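# Summary of structural features
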Amino acid sequence: MNRSTMVSSAQTRIRTDPFSNDCTLVARELGRGKFAVVKKCIDKSTGKEYAAKFLRKRRKGEDCRLDIINEIAILEIAKFSPHVVDLHEVYETASEIILVLEYAAGGEIFHQCVAHHDEAFTEKDVIRLLRQILNGVSYLHENNVVHLDLKPQNILLTSSNPLGDIRIVDFGLSRQVDSVKEVREILGTPEYVAPEILNYEPISTATAIWSIGVLTYVMLTGDSTFLGGDKQETFLNISQLNVHYGPDVFEGITDLAVDFIKSLLIKNPRKRAKVEQCLRHPWLCPSTDLAKPLKEADLEESESEPTDAVASDELVLMAS
Ligand code: ADP
Ligand code: MG
């Protein structure tokens, strides 16, 4: 991976005293990725709940400590955004770095994205949550940070019922971009990567806007925009902008929502809406009243299986 574009130093004091002196792990695992496992824990002195992300320093025989420092540094840059998860403490052991993060009790928005009927988001929910996601992303972009792995598994909720607020997590692939250094890397999750990533063209804040377009599509419809039978077909769908806006998928969803998605899923990154334009789109104006539940069509087919949206979580990640 190209490390030249990563933030190579962090301010947070990295503690080497044992994590277990201060925190008790709660049995429940909150999630895991390729190189990390996240567990709920309780601060012994305050009784407060946190999420501890255990990151392995060695991955595939390579020392990846700097990737973790980059993740910490980006969390520091974003600490004043209410919609980015807070970093509380950092511990280091011989083999791991542990990030003690604010606990997002509502879990991944992924679950509601693929849920049916009553549990699925209404268009009104999507509008409120998307504004928060865009506000978080706007903060990142003001600071020249691009997330590069925005997807429903990395967007969490403070509570799920009642529906709480957004916390963006997982800055493992995030990069700082500026006009001087060009970033060209192949990374991200197949269904969410922008065409410029596939073409090995420079990454910019517009790259994250593309993923927000895919995210919005999934939040509204439960369908994964570009998912094909395999990775190659997914990539072909992306590069050919093969998006289905038909009434079967968008039944009961407003034209403004579709218009919003279309302004994000534009192949040329320079022509794509900027985050501020997204926030000013008429669909996201607070006066819009769209309390109607989504997926009325689904109510009729009560036996239908949950969609396989976003089934593949595999990283493409392979540039040098
Ligand atoms: P990875 O880099 O391995 O994908 P993430 O940071 O995305 O790691 O964490 C993996 C999963 O753990 C997330 O998708 C989510 O389900 C859960 N998780 C991560 N951070 C938190 C948190 N702060 N609160 C609750 N759950 C979390
Ligand atoms: Mg993740």
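In this text, all values refer to a predicted model and were calculated from it rather than measured experimentally. (Residues numbered from 1 in each chain as written. Chains lettered and ligands numbered in written order. Predicted model: local features only at pLDDT ≥ 70, side-chain atom pairs only at ≥ 80, totals over all residues. Heavy atoms only, no water.)

Before going further, it helps to spend a moment on the UniProt feature "binding site: ATP" (unreviewed entry) in the protein. Under the UniProt annotation, "binding site: ATP" (unreviewed entry) lies at Lys53. With respect to the helices and strands, Lys53 occurs in strand S4 (residues 49-56). We classify Lys53 as buried; its relative accessible area is 10%. If we ignore the near neighbours within four places in the chain, the residues touching Lys53 are Ala36, Val37, Val38, Glu71, Ile97, Ile98, Leu99, Leu101 and Asp170. Engagement of the side chain of Lys53 in a polar contact is seen with the side chain of Glu71, the distance being 2.8 Å. (UniProt positions renumbered as here; feature names shortened; annotations may be inferred. Helix = DSSP H or I, 4+ residues; strand = E, 2+ residues; numbered from the N terminus. Buried < 20%, exposed > 50% of the residue type's maximum accessible area, 1.4 Å probe, protein only. Contact = heavy atoms within 4.5 Å. Polar contact = N/O pair within 3.5 Å; in protein donor to acceptor, adjacent residues only side chain to side chain.)

Evaluated as defined, the whole model comprises 13 salt bridges. Between Arg15 and Asp17 there is a salt bridge, with its nearest N and O atoms 2.6 Å apart. When its relative accessible area of 13% is taken as the criterion, Arg15 is described as buried. Taking the shortest distance from any N to any O, the salt bridge between Arg167 and Glu102 comes out at 2.7 Å. You can see Arg167 sitting in strand S12 (residues 166-168) and its partner Glu102 sitting in strand S8 (residues 96-102), a full 65 residues away along the chain. When its relative accessible area of 15% is taken as the criterion, Arg167 is described as buried. (Salt bridge = Lys/Arg side-chain N within 4 Å of Asp/Glu carboxyl O.)

Looking now at the nonpolar core. Among the nonpolar cores identified, the biggest contains 77 residues, and Ile109, Leu130, Leu134, Met219, Phe260 and Trp283 are the most heavily contacted of them. The element best represented in this core is helix H6 (residues 205-221), accounting for 10 residues. When near neighbours in sequence (up to four residues on either side) are disregarded, Leu134 contacts Ile212, Phe260, Val275, Cys278, Leu279 and Leu284. Among the nonpolar cores identified, the runner-up in size contains 10 residues, and Val37, Phe54, Tyr91 and Val100 belong to it. (Core = buried A, V, L, I, M, F, W, Y, C linked by side-chain atoms within 4.5 Å.)

Two elements in contact, helix H4 (residues 123-142) and H6, have axes whose closest approach is 11 Å; the angle formed by their N-to-C orientations is 165°. By the criterion of interaxial angle, the relationship of H4 to H6 is roughly antiparallel. The hand of the H4/H6 crossing is right-handed. Each of Glu123, Val126, Leu129, Leu130, Ile133, Leu134, Val137 and His141 in H4 lies in contact with H6, whose residues at this interface are Thr205, Ala208, Ile209, Ile212, Leu215, Thr216, Met219 and Leu220. Per-class residue counts for the contact of H4 with H6 are 12 nonpolar, three polar and one charged. (Axes fitted to C-alpha atoms, helices over the stretch in contact; angles between N-to-C directions. Parallel < 35°, antiparallel > 145°, perpendicular 65-115°, else oblique. Left-handed = near helix turned anticlockwise from the far one by under 90°. Nonpolar A, V, L, I, M, F, W, Y, C, P; charged D, E, K, R; others polar.)

Quick look at helix H2 (residues 65-77) now. Its 13 residues place the ends of H2 19 Å apart at the C-alpha level, agreeing with the 18 Å of an ideal helix rising 1.5 Å per residue. By the criterion of burial, H2 is predominantly enclosed, with 10 of the 13 residues buried. Where H2 is concerned, the buried positions are Asp67, Ile68, Ile69, Asn70, Glu71, Ile72, Ala73, Ile74, Leu75 and Glu76. (Expected span 1.5 Å × (residues − 1).)

A sheet is described by the order of its strands in space; here six strands give the open sequence S1-S7-S8-S4-S3-S2, paired in mixed fashion. Since the sheet does not close on itself, it has two edges, and those belong to strand S1 (14-15) and strand S2 (23-32), each with one partner. Relative to strand S3 (residues 36-43), S2 runs antiparallel, the two being bridged by six bridges. Pairing of Glu29 across the sheet is with Lys39, part of S3. In this fold H2 packs onto S1, S4, strand S7 (87-92) and S8, with an angle of close to 20° to the strand it touches most, S8. (Pairing = 2+ DSSP bridges.)

Moving on, we get to the packing of aromatic side chains. All chains considered together, the criterion is met by seven aromatic pairs. When the ring of Phe260 is compared with that of Trp283, the centres are 5.1 Å apart and the planes differ by 45°; the resulting orientation is tilted. Here Phe260 is found in helix H9 (residues 255-264), whereas its partner Trp283 is found in the loop between helix H10 (275-280) and helix H11 (296-300), with 23 residues between them in sequence. As far as the burial class goes, Phe260 and Trp283 line up, both buried. Taken together, the aromatic side chains of Phe19, Phe54 and Tyr91 make up a single cluster linked through ring pairs. Over the ring of Phe54 we find Lys39, and its NZ or CZ is 5.6 Å from the ring centre. Its end group placed over the ring of Tyr245, Lys262 keeps NZ or CZ at 4.7 Å from the ring centre. (Phe/Tyr/Trp six-rings, centres within 6.5 Å; stacked < 30°, edge-to-face > 60°. Lys NZ or Arg CZ within 6 Å of the ring centre and 35° of its normal.)

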